Amino acid sequence: MDKDSRIDYRKVTGQAVNDMTYTEAVEYILSVPKFTKKNKMENTVELMERLGRPERSMKIIHVAGTNGKGSVCAFLSTMLVKAGKETGLFTSPHLVKINERFQINNEPVSDEDFLAAYRRVQAVVEEMQKDGFAHPTYFELLFALAMVLFKEKRMEYVVLETGLGGRLDATNMVEKPLATVITSISLDHTEILGDTIEKIAFEKAGIIKPHVPVIYDGHCKEAEQVIRKRAEELDAPAFGLHEEMYEILANTEKSIDFSMNSGYYEHTEVTVPYLAHYQVINSALALLAMDAIDQKREISIETRIQAIRETAWQGRMETVLPGVVFDGAHNADGVREFVRTVQRVQRERRVTLLFSAVMEKNYEKMIQTICEQTELSCVTVTEIPGDRNVSAGKLAEIFRKYTKAPVKAVLKIADAFDAAMEEKRDGMLFCVGSLYLVGELKSLLRERQKEDMKQ
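Residues numbered from 1 in each chain as written. Predicted model: local features only at pLDDT ≥ 70, side-chain atom pairs only at ≥ 80, totals over all residues. Heavy atoms only, no water.

Draft legend 1. Seen up close, the confidence of the model for the chain. For the chain, mean pLDDT is 90; residues scoring 70 or higher make up 94% of the total. In this model residues 1-9 is a low-confidence stretch, pLDDT under 50, and it forms 14 contacts with partners more than four residues away in sequence or in other chains. (pLDDT = per-residue confidence, 0-100. Contact = heavy atoms within 4.5 Å.)

Draft legend 2. Structural context of the packing of aromatic side chains. Counting across every chain of the model gives 12 aromatic pairs. On the numbers, 6.4 Å between centres and 75 degrees between planes, the contact of Phe326 with Phe417 is edge-to-face. Of the two residues, Phe326 is situated in strand β13 (residues 324-326) and Phe417 in helix α15 (residues 413-424); the sequence distance between them amounts to 91 residues. Taking relative accessible area as the criterion, Phe326 reaches 0% and is therefore assigned buried. Ring-pair connections join several aromatic residues into one group, and the members of that group are Tyr22, Phe90, Phe102, Phe114, Phe139 and Phe143. Of note, Arg297 hangs over the ring of Tyr264, and the distance from its end group to the ring centre comes to 3.9 Å. (Phe/Tyr/Trp six-rings, centres within 6.5 Å; stacked < 30°, edge-to-face > 60°. Helix = DSSP H or I, 4+ residues; strand = E, 2+ residues; numbered from the N terminus. Buried < 20%, exposed > 50% of the residue type's maximum accessible area, 1.4 Å probe, protein only. Lys NZ or Arg CZ within 6 Å of the ring centre and 35° of its normal.)

Draft legend 3. The arrangement of the pattern of salt bridges in detail. For the structure on display, the rule yields 26 salt bridges. We note a salt bridge from Arg167 to Glu203, for which the minimum N-O separation is 3.1 Å. Of the two residues, Arg167 sits in the loop between β5 (157-161) and β6 (179-182) while Glu203 sits in helix α8 (residues 197-204), which places them 36 residues apart along the sequence. Classification of Arg167 as partly exposed rests on a relative accessible area of 34%. For Lys229, the salt bridge is made with Glu233, and the minimal N-O distance between the two is 2.7 Å. Of this pair, Lys229 and Glu233 are both found in helix α9 (residues 221-233), four residues apart, which corresponds to roughly one turn of the helix. (Salt bridge = Lys/Arg side-chain N within 4 Å of Asp/Glu carboxyl O.)

Spelled out as structure tokens, the structure:
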């Protein structure tokens, strides 16, 4: 759409900015992808300039990667908050409510604060459009909202997760972060970021800044070579996490104990409150990053370790009920890690699966990997509301190609969850395949908890 059409679109879907309610503001933001496209970085810089460059007033830790970046952000934020630092956290996506993306001291912002920041940003957007600039995209708008919110709340630190990639991401207009962190890199969004590990690593390494320390997951040598090369070009100190730097000591249904065997953390025992191995890597990476950020070690090792133990991050191998785990595994690497966890669990417990997916993912490959590498007792498939869903019937058909376990197709998510819970018995139920599925299930559990409290 042209500039005038975009302004008209806002007027017919809401009211004047200062009269908008919280609900109308959220509805408008969710509609933005329908009439915008990716902008050049200059457009984002213009928006932030007109907002007074709020990001310059805060110490920013910038995090990119294919998988694990949200978890690493959560671990870092919890360490800072537990140390008494005023900390903003910007992540994506949200599972239930858009406010989840903007957290102040690990609590989602209020509707009132969200609306106030939105009104300020949208007023600037309208002025930009009058001057011939493009409307920000959905993510650019959310990024601007986050920076305004955090500045107004006087945050000292901000843990900032990239949206997609890194080099061309809106968040990369941050000029001099305190540190950059790059989590595990694998093939995802290949149509945008490239079809090899090296190409994707190049995009992620785009967040590295001159003389700013970069802490990265060093398990993939192809990615490591790209990251270190970029770090050397920019004279950025580089710290990689490698397998010999940690050792798993024990596993339970809800947590993993491991020891760090590197530098400041030599022989330090850590408990990560998740049952997935990848959260050991993510928490270890966050600990390495904190050592680079807090070089004077004002935050004690005890505070850091306690914060890891207390970190809560929704939808990533999250135990929500006894024997019930939600995991947003939605790409090849995520599924491999999910399989790794199930292989350990199935030695002692029968495993039931609830699965759904969105159409842009390689869901048949995901299903094939799960079926061929795990022992499933029962599978229930369902479908996510919206135009990106894959039908339950189609998913069931694919599962039956690869597993002899009974497969049920249940259209409604609530009914599918109940059916899967019946099949769980004394085993474990894993709900996987999409963060959208996790979001729907989280909403369902919240509603049921509210109903139980009324009785």
